[in-house]
Every structure is written in C-alpha cells, then in structure tokens.
Amino acid sequence: MRKRSIRIAGHRTSVALEAPFWEALERFAAARGLSLAALVGEIDAGRGTRNLASALRLYVLDRAKEGALSTPEKGHETKG
C-alpha cells in the first residue's frame, strides 16, 4: 500500500492504494492532460457515499473493462 496526500476541493486528504492503482490513475490523468489531483477530484465529486479509496479502485476497474488499459503484455498478445 502507498499512502498519498492529495488536495481536492480545497482540502488535503490522504488515500492509501496499492501501487498498481496509483500507476493506472497517473496514466489516465496524463492521457487526459490532467494532474493526478484533478482526476482524483473528479472521481471524488462523483463517488456518492462510497469511500474515496474504493471509488478510485472502481474507476480503474471500469476503465480496464472498457479496454483503456489494453496494451498487450509480452507473451499475451491476442491473435486474430
């Protein structure tokens, strides 16, 4: 787990996530031309009643399901 402090909506908060989730969030933010804090702020604004760490993990999972992380790994290329 990696704990990070992020400023969202004018206040600082700390979130603990596994490193692969932080890496994916950083890639999604960069792909959209956003800072990590801006992306986390967007996710925070739409998370409803779930806690922020869960909302961040679900965001990554949803993007992965949509194929946003679909870069073939070595030895796992799809043949078609």
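Here the structure is a predicted model, which means the values were calculated and not measured. (Residues numbered from 1 in each chain as written. Predicted model: local features only at pLDDT ≥ 70, side-chain atom pairs only at ≥ 80, totals over all residues. Heavy atoms only, no water.)

## Focus: the pattern of salt bridges
Per the counting criterion, the structure on display carries 5 salt bridges. In this structure, the salt-bridge partner of Arg 4 is Glu 26, at a minimum N-O distance of 2.6 Å. Here the residue Arg 4 occupies a position in strand S1 (residues 2-8), and Glu 26 occupies one in helix H1 (residues 19-31), the gap between them amounting to 22 residues. Assessed through its relative accessible area of 32%, Glu 26 is described here as partly exposed. Linking Arg 63 and Glu 66 is a salt bridge whose minimum nitrogen-to-oxygen distance equals 3.4 Å. Given a relative accessible area of 59%, Glu 66 falls into the exposed group. (Salt bridge = Lys/Arg side-chain N within 4 Å of Asp/Glu carboxyl O. Helix = DSSP H or I, 4+ residues; strand = E, 2+ residues; numbered from the N terminus. Buried < 20%, exposed > 50% of the residue type's maximum accessible area, 1.4 Å probe, protein only.)

## Some words on the confidence of the model for the protein
Scored by pLDDT, the protein has a mean of 87; 84% of the residues are at 70 or more. Here residues 76-80 is a poorly scored stretch, pLDDT under 50, and it has 1 contact once near neighbours within four places are set aside; other chains count. (pLDDT = per-residue confidence, 0-100. Contact = heavy atoms within 4.5 Å.)

## Considering helix H3 (residues 52-65)
Taking 1.5 Å of rise per residue, 14 residues should cover 20 Å, and H3 covers 20 Å from first to last C-alpha, within 8% of that figure. In this fold, the buried residues of H3 make contact with S1, strand S2 (11-17), H1 and helix H2 (36-45). For H3, the N-terminal cap is Asn 51; the gap from its side-chain oxygen to the backbone nitrogen of Ala 53 is 3.1 Å. Positioned one or two residues after H3, Gly 67 has a phi angle of 90 degrees, which is positive. (Expected span 1.5 Å × (residues − 1). Polar contact = N/O pair within 3.5 Å; in protein donor to acceptor, adjacent residues only side chain to side chain.)

## Observations regarding the side chain of Asp 44
Examined against the element boundaries, Asp 44 turns out to sit in helix H2. Here Asp 44 falls in the buried class, since its relative accessible area comes to 17%. Within polar-contact distance, the side chain of Asp 44 engages the side chain of Arg 47 at 2.6 Å. Apart from the residues within four sequence positions on either side, Asp 44 is in contact with Ile 8 and Leu 52.

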